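# A look at the structure
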Amino acid sequence: MPAGTGTQGSNQNGPLSNPAYSPGEIVTAAGPLSINAPAPIVDITLGSQFVTKAYDLMVYPPLRSELIFDQFATVKASNVTHRGGSVRFSFVDDLTTQTTPLLENNDVDSIALNSRALTVSMREYGTAVTNTALIRGTSMIAMDPLIAERVGYNAGKSVDVLARVALDATSITYDDATTATVGSIGAGDGSYLTGQLLRDGVARLQAANVRPFRGSSYVAVVSPYQAQHLKSESTDTGWRYTVGRNDGAGGNSIFNGEIGTYEGVRIVVNNNLTDLGKGYLMGAEALAKAYSTAPGFGPQPGTVVSPVVDKLKRFASVGWYHLVGYSVFRAEALLHIDTDAGLKP
């Protein structure tokens, strides 16, 4: 057979190494070169163009606290005389109990009705996010749903903080310049939330004729650390002993990590407090809420989709708006829980 006359191809220059590879091979690979062996020759030109980073189209929010405080505003100004920037709540005291027998030939003396009023002012709150046509047209994720969700949560979180800040008040002032002081249980740093504190708090609320929520239980909103204080009680009058005795040894609230209702108090654990050592024990009518009843207003924030008015209709805005005010309504119905801000050893 005559010798071949063809010439060696330009790619027939691959090195021969152990283990042996066909010296003329060129492998088209994804790359990078650092994850490939020295032979055969690797070409990552195609891979660098088409092998790219993939993106999860789910956009995750930060970890969020639960929104709970607005629900405790059981007094709402929903029946007002007219629109105004504030709402005046009126109080008229009961008459003094009369237990002295009347004299047959004498008329009774008239007595006065004692009254006072509490004014709750309303303020405007809100924010907005504006995005452009360019980002809407070029983003790999839909911007409108993302912005709407973040704006909606911001509305709820902002209103929840407003309600909680109102509960932080240490006193309220009435229109006649008299004041009422919000009490507290606990001794701050070095003290821990216990069943005894809850019993003392409930006794004080009951002594002031404060009604429970829904006719059954008072409510304590506590931080996760304050809940740990309660769960760590080890005496035979503490929470763990009571749960173990009443629920049995298996599948009880200790296993589930649920405090539930204890000492006549529904325990709500929340991480949206001013401080890990600050909580609230309250009954009905502890918190009041004022809002406008005019058309377009209401008890909850409203979503606002702004009209697109620029010349090329590129700028779109969505936000929320609320006209609202919160205040402690009855100082007697609220007790601040003041404990250590750390975990109980």
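These notes cover the structure that comes with them. (Residues numbered from 1 in each chain as written. Predicted model: local features only at pLDDT ≥ 70, side-chain atom pairs only at ≥ 80, totals over all residues. Heavy atoms only, no water.)

## Quick word on a nonpolar patch on the surface
Taken together, the side chains of Val 92, Leu 95, Ile 111 and Leu 113 define a hydrophobic patch exposed on the protein surface, amounting to about 400 Å² of accessible area. Mapped onto the fold, Leu 95 is located in the loop between strand E4 (86-92) and strand E5 (115-121). (Patch = residues over 30% accessible without salt bridge, like charges linked within 9 Å, V, L, I, M, F, W, Y side chains within 5 Å. Areas by Shrake-Rupley, 256 points an atom, 1.4 Å probe, with all protein chains shown as cover. Salt bridge = Lys/Arg side-chain N within 4 Å of Asp/Glu carboxyl O. Helix = DSSP H or I, 4+ residues; strand = E, 2+ residues; numbered from the N terminus.)

## A word on the nonpolar core
With 59 residues, the main nonpolar core has Phe 69, Val 221, Leu 281 and Met 282 as its most contacted residues. Tallying contributions element by element places strand E10 (residues 218-222) first for this core, with 5 residues. Setting aside residues no more than four positions away along its own chain, Val 221 makes contact with Ile 68, Phe 69, Phe 72, Val 268, Asn 270, Leu 273, Gly 279, Tyr 280 and Met 282. Core analysis: the second largest hydrophobic core is formed by 7 residues, Ile 141, Ile 147, Ala 155 and Trp 320 among them. (Core = buried A, V, L, I, M, F, W, Y, C linked by side-chain atoms within 4.5 Å. Buried < 20%, exposed > 50% of the residue type's maximum accessible area, 1.4 Å probe, protein only. Contact = heavy atoms within 4.5 Å.)

## Details of the sheet that holds strand E9 (residues 183-185)
The 6 strands are arranged E9-E17-E13-E10-E12-E11 in an open sheet whose pairing can be described as mixed. Strand pairing shows two members of the sheet lacking a second neighbour, E9 and strand E11 (261-262), which therefore form its edges. In this structure, E11 lies alongside strand E12 (residues 265-269), joined through 2 bridges in antiparallel fashion. In the strand pairing of E12, Tyr 262 is matched with Val 265. (Pairing = 2+ DSSP bridges.)

## Section: the packing of aromatic side chains
Applying the stated criterion across every chain yields a total of 6 aromatic pairs. When the ring of Phe 89 is compared with that of Phe 329, the centres are 5.5 Å apart and the planes differ by 80°; the resulting orientation is edge-to-face. In this pair, Phe 89 is assigned in strand E4 and Phe 329 in the loop between strand E16 (316-328) and strand E17 (334-338), connecting sequence segments 240 residues apart. For the pair shown, Phe 89 and Phe 329 are each scored as buried. Put simply, the rings of Phe 89, Phe 91, Tyr 174 and Phe 329 touch in pairs and so form one group of aromatic residues. Across from the ring centre of Tyr 153, 3.9 Å away, lies the NZ or CZ of Arg 64, which sits over that ring. (Phe/Tyr/Trp six-rings, centres within 6.5 Å; stacked < 30°, edge-to-face > 60°. Lys NZ or Arg CZ within 6 Å of the ring centre and 35° of its normal.)

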